[in-house]
Amino acid sequence: MKNKSGQCNNCQLKSSSVRTLNPAETERLEKNCTEVHFKKNDIIFKQNAFSSNIIYLNNGLVKIHIEGPQNEQIIKVVKAPSYLGIPTTFNEKINHYSATALEQTSVCFIDIDVFKDFIYKNGQFAYELITELCKNELNSFHRCVNRTQKHIHGRIADALLFFKNTFEHNEFILPFTRLEFGNFVDTSRESVSRILTEFKNDGIINLNGKKVEILNEKLLETISNKG
DNA sequence: GCATTAACCACAG
DNA sequence: CTGTGGTTAATGC
């Protein structure tokens, strides 16, 4: 789906970096940007494929994942609005990871050369971009610590709280199968099943298939903190 | 030693 | 795809 001209300018979902562009630059962005819609489980880009665009997630939810020696590893789940795949598109010829839609999702593909030009010529644009990248790196540091040091109960509690925050609701549909959940928190699908039913039996959550309702957030937080 | 944790396997909805 | 039960290996007390 091609962008109509004027769309970037009026876009409500502009990134903080794109907000710093002047009208001429915004117009240039519009001419070098295409919006694409994806359905659940559609692959937005794939590990090992050539990367040629900056990708911005306007709407929806996406998983970032790497095919490891054993399993698919889900690195993180990204909620719109956010850039996808800056690290893999910037100085790398190929994608180091894949991105897959977890729900109905829309994405803008932006020409890499135009994007780089904005960075060279517009310091504020670059600054905003760096700010986002820094946030991401810190996030991944924390996730790294959590993943390696917390026990399964803590990691699953973390994940439930994360979904509660991203959906901004105590009740939500898990966008994952049990296997994906396991790949997200570094455990087996069996352990995910067991611990979720444990949480249910202890009255911490309501559980019905993929539908989860958080009943005792305080307790989940202490489980998450204690590891 | 004994208990706990969590992975792996297998089987049934 | 899920849930459960049995088994097993590693680790802690």
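About the criteria used
- Residues numbered from 1 in each chain as written.
- Chains lettered and ligands numbered in written order.
- Predicted model: local features only at pLDDT ≥ 70, side-chain atom pairs only at ≥ 80, totals over all residues.
- Heavy atoms only, no water.
- Pairing = 2+ DSSP bridges.
- Helix = DSSP H or I, 4+ residues; strand = E, 2+ residues; numbered from the N terminus.
- Axes fitted to C-alpha atoms, helices over the stretch in contact; angles between N-to-C directions.
- Near = heavy atom within 4 Å.
- Polar contact = N/O pair within 3.5 Å; in protein donor to acceptor, adjacent residues only side chain to side chain.
- Parallel < 35°, antiparallel > 145°, perpendicular 65-115°, else oblique.
- Contact = heavy atoms within 4.5 Å.
- Nonpolar A, V, L, I, M, F, W, Y, C, P; charged D, E, K, R; others polar.

> Any details on the sheet that holds strand β8 (residues 105-111)? Residues and values, ideally.
Taken together, 4 strands build an open sheet; the order of strands is β1-β8-β3-β6 and the sheet is antiparallel. Looking at which strands have only one partner, the edges of the open sheet turn out to be β1 (33-38) and β6 (82-84). On average, adjacent strands in this sheet sit at an angle of 30° to one another, irrespective of strand direction.

> Please set out the sheet that holds strand β4 (residues 61-67) residue by residue, giving values where relevant.
Strand-to-strand pairing in sheets goes through backbone hydrogen bonds, with the strands running parallel or antiparallel. Read across the sheet, 4 strands follow the order β2-β7-β4-β5 without closing on themselves; strand pairing throughout is antiparallel. Two strands bound the open sheet, and with one partner strand each, they are β2 (43-45) and β5 (72-79). The sheet shows a mean angle of 30° between the axes of neighbouring strands, direction not considered. With 7 bridges connecting them, β4 and β5 associate as antiparallel partners. Note on β5: the bridge partner recorded for Glu67 is Glu72.

> So what about the protein's contact with DNA strand C? Which residues, and what values?
Around DNA strand C lies a shell formed by Thr177, Arg178, Arg189, Glu190, Ser193, Arg194, Thr197 and Lys210. Backbone atoms, meaning sugar plus phosphate, form 45% of the atoms of DNA strand C positioned within 4 Å of the protein. Side-chain polar atom of Arg189 to a base oxygen of DNA strand C: 3.1 Å apart, as the coordinates give it. Lys210 is positioned such that a nitrogen or oxygen atom in its side chain is 3.3 Å from a phosphate oxygen of DNA strand C. With 5 residues, the single largest contributor to the surface near DNA strand C is helix α8 (residues 189-201).

> Residue-level account of the protein's contact with DNA strand B, with values.
With respect to spatial proximity, the complete set of residues near DNA strand B consists of His151, Ile152, Asp186, Thr187, Ser188, Arg189, Glu190, Ser191 and Arg194. Sugar and phosphate atoms represent 54% of those atoms of DNA strand B found within 4 Å of the protein. The side chain of Ser188 places a nitrogen or oxygen atom 3.4 Å from a phosphate oxygen of DNA strand B. Between a base nitrogen of DNA strand B and a side-chain N or O atom of Glu190, the distance comes to 2.8 Å. Here the surface near DNA strand B gets 4 residues from one element, more than from any other, and that element is α8.

> I'd love a proper account of the packing of helix α7 (residues 178-185) against α8, names of residues and values included.
The description of two helices packed together rests on the angle between their axes and the distance between the axes. It is the contact of α7 with α8, at a shortest axis distance of 8 Å, that shows an interaxial angle of 100°. Taken together, the axis directions place α7 and α8 in an arrangement best described as roughly perpendicular. In this structure, α7 contributes Arg178, Leu179, Phe181 and Gly182 to the contact, and α8 contributes Arg189, Val192, Ser193 and Leu196. Taken together, the residues of the contact of α7 with α8 sort by class into 4 nonpolar, 2 polar and 2 charged.

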